[in-house]
Amino acid sequence: MTTRSETAEAFRITVAVRSDDLDVNGHVRGPAYLAYGDHARWACLAAAGVDPERLRAQHDVGPVNLETTIRFHRELRPLDQVEVTCAFLWGDGKTSRVVQELRAPDGTLVAEVESVSGLLDLTRRRLVADPARYWREMATHPELLGL
């Protein structure tokens, strides 16, 4: 798996902690961290100019998430805001990796989310080779996707 350019800036979005994100102890539930990561990935794709409907219409492919790992470092609490980054890592195979950091407003790392994903051929039900090629073709700002 190749890495992003050291000069490339990761996409960033700020998400507010909602009351329904909290567990009985008053801190953010694990699934909410996943939702923050998902939201940031979709926002990054939108900012890059990728339209998933166009991707499907033109190539009959769609994004799939194959694996997600969360590493918790600090808790988030009610009324917190969290900045979520997205950095796409591309290799030569059928998958890519998205590395995300969730940070408190003071810059403290609260969690890391790492996902492995691919593009699924919706007819054959198999991953396509070279998914970066499809994303690059669709994106108006491919640099946001590390391309």
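How each quantity is defined
Residues numbered from 1 in each chain as written. Predicted model: local features only at pLDDT ≥ 70, side-chain atom pairs only at ≥ 80, totals over all residues. Heavy atoms only, no water. Phe/Tyr/Trp six-rings, centres within 6.5 Å; stacked < 30°, edge-to-face > 60°. Helix = DSSP H or I, 4+ residues; strand = E, 2+ residues; numbered from the N terminus. Buried < 20%, exposed > 50% of the residue type's maximum accessible area, 1.4 Å probe, protein only. Polar contact = N/O pair within 3.5 Å; in protein donor to acceptor, adjacent residues only side chain to side chain. Contact = heavy atoms within 4.5 Å. Salt bridge = Lys/Arg side-chain N within 4 Å of Asp/Glu carboxyl O. Axes fitted to C-alpha atoms, helices over the stretch in contact; angles between N-to-C directions. Left-handed = near helix turned anticlockwise from the far one by under 90°. Nonpolar A, V, L, I, M, F, W, Y, C, P; charged D, E, K, R; others polar. Disulfide = S-S within 2.5 Å. Pairing = 2+ DSSP bridges.

A. How the structure looks around the packing of aromatic side chains. Across all of its chains, the model carries three aromatic pairs by this definition. Aromatic side chains Tyr-33 and Phe-72 sit 4.9 Å apart centroid to centroid with 85° between the ring planes, which places their arrangement in the edge-to-face category. Of this pair, Tyr-33 sits in helix α1 (residues 30-47) while Phe-72 sits in strand β2 (residues 61-72), and the two are 39 residues apart along the sequence. By relative accessible area, Tyr-33 is classed as buried at 2%. Ring geometry for Phe-88 versus Trp-90: centroids 6.0 Å apart, planes at 10°, classification stacked.

B. Geometry of the side chain of Asp-21. In this structure, Asp-21 sits in the loop between β1 (11-16) and α1. Of note is the side chain of Asp-21, whose polar atom sits 2.9 Å from the side chain of Arg-18. Ignoring any residue separated from it by four or fewer positions in sequence, one finds Asp-21 in contact with Ala-16, His-27, Val-28, Arg-29, Ala-32 and Tyr-36.

C. Quick peek at the pattern of salt bridges. Across all of its chains, the model carries nine salt bridges by this definition. A salt bridge links Arg-18 to Asp-20; the nearest nitrogen and oxygen atoms lie 3.3 Å apart. Residue classification places Arg-18 among the partly exposed residues on the basis of a relative accessible area of 45%. Its salt-bridge partner being Arg-18, residue Asp-21 comes within 2.9 Å of it at the nearest N-O pair. Among the ionic contacts, a cluster of salt bridges with common partners joins Arg-18, Asp-20 and Asp-21.

D. Structural view of the packing of helix α2 (residues 52-59) against helix α3 (residues 131-138). As a packed pair, α2 and α3 sit with axes 11 Å apart at the nearest point and diverge in direction by 115°. Handedness of the crossing formed by α2 with α3: right-handed. Together, Arg-54, Leu-55, Gln-58 and His-59 of α2 and Tyr-134, Trp-135, Glu-137 and Met-138 of α3 make up the contact between the two elements. Each residue belonging to the contact of α2 with α3 can be placed in one class, and the counts come to four nonpolar, two polar and two charged.

E. Expanded view of the state of the cysteines. This structure, assessed with the given rule, holds zero disulfides. There is no disulfide at Cys-44, and the cysteine sulfur nearest it, in Cys-86, is 4.9 Å away. Judged by relative accessible area, Cys-44 falls into the buried class, the value being 0%.

F. Summary view of the pairing of β1. Only one face of β1 is covered, namely the face carrying Phe-11, Ile-13 and Val-15; the face carrying Arg-12, Thr-14 and Ala-16 is uncovered. With six bridges connecting them, β1 and strand β3 (residues 81-90) associate as antiparallel partners. Bridge assignment links Ala-16 to a residue of β3, and that residue is Gln-81.

G. Up close: unusual backbone geometry. Phi at Arg-125 is positive, roughly 60°, even though this residue is not glycine. Along the chain, Arg-125 turns up in the loop between β5 (109-121) and β6 (126-127). With a phi angle near 55°, Asp-130 is a residue other than glycine that sits in the positive phi range. One can find Asp-130 in the loop between β6 and α3. The exposure class of Asp-130 is partly exposed, given its relative accessible area of 34%.

Read these as geometric descriptors, not functional statements.
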